[in-house]
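Okay, here's what each chain looks like letter by letter:
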Amino acid sequence: WENQSVKVELLVHQIDIVVNSKKVEWERKMKALEAKMDIQNQELASAQSELDQKGQEVGLLQQKLEDLQKTKYEMAQNYEIQLQALKSEVRNLSVSLFYYCAIKSLMPNGIDVPLWVWER
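Residues numbered from 1 in each chain as written. Predicted model: local features only at pLDDT ≥ 70, side-chain atom pairs only at ≥ 80, totals over all residues. Heavy atoms only, no water.

1. Thoughts on the overall build of the protein
What counts, and what does not: The way it works is that DSSP assigns letters per residue, a run of H or I at least four long becomes a helix, a run of E at least two long becomes a strand, and they are numbered from the N terminus. With residues, only the protein chains shown are counted as cover, and all accessible areas are computed by Shrake-Rupley using a 1.4 Å probe.
Looking only at helices and strands, one finds one helix and zero strands in the protein. In the structure as shown, the protein presents an accessible area of about 11400 Å², 61% of it carried by carbon and sulfur atoms.

Here it is, written out as structure tokens:
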């Protein structure tokens, strides 16, 4: 029995050594995985922060684009109004010039066209 007992004790001791060795190996692997996961979490947080910042930039650029489009539309309307006013003024001047020329052709030489003609 004593020989068997020594063999069992030796076997148990060898098993303890293997188990402890595996435990140390697993703990080392676990720490390495945790460190890798921490790095990935930091990278993810950084990427999320950058994505949020880009989202804000996109929002600001969209607002600027809308403002520019609105300004462009308002300027086009304003130019159209000015163009219509100039066309009307040119029409009025053309009519006035027509009347002036017509009246001048009817007046004897040396007599000026009355001012009321220009006040149309």
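Read on, since the account is not over.
2. Side note on a nonpolar patch on the surface
Test applied: Only residues above 30% relative accessible area that lack a salt bridge enter a patch, with like-charged residues linked at up to 9 Å and the nonpolar side chains Val, Leu, Ile, Met, Phe, Trp and Tyr linked at up to 5 Å. Put simply, a salt bridge is a Lys or Arg side-chain nitrogen that is within 4 Å of an Asp or Glu carboxyl oxygen. Three exposure classes are used, based on accessible area relative to the maximum for each residue type with a 1.4 Å probe and protein chains only: buried under 20%, partly exposed in between, and exposed over 50%.
A surface patch of nonpolar side chains, about 270 Å² in accessible area, is lined by L11, I15 and V19. With respect to the element layout, I15 can be found in helix 1 (residues 2-106). I15 sits in the partly exposed class, given a relative accessible area of 45%.

3. Side note on the pattern of salt bridges
Scanning the model with the defined rule gives three salt bridges in all. The residue E25 makes a salt bridge to K22 at a minimum N-O spacing of 3.8 Å. A residue pair is termed a helical-turn pair when its members lie 3 or 4 positions apart in one helix, as E25 and K22 do in helix 1 at three residues. By relative accessible area, E25 is classed as partly exposed at 22%. Given the relative accessible area of 36%, K22 is considered partly exposed. Salt bridges sharing partners connect three or more residues here, namely K22, E25 and K29.

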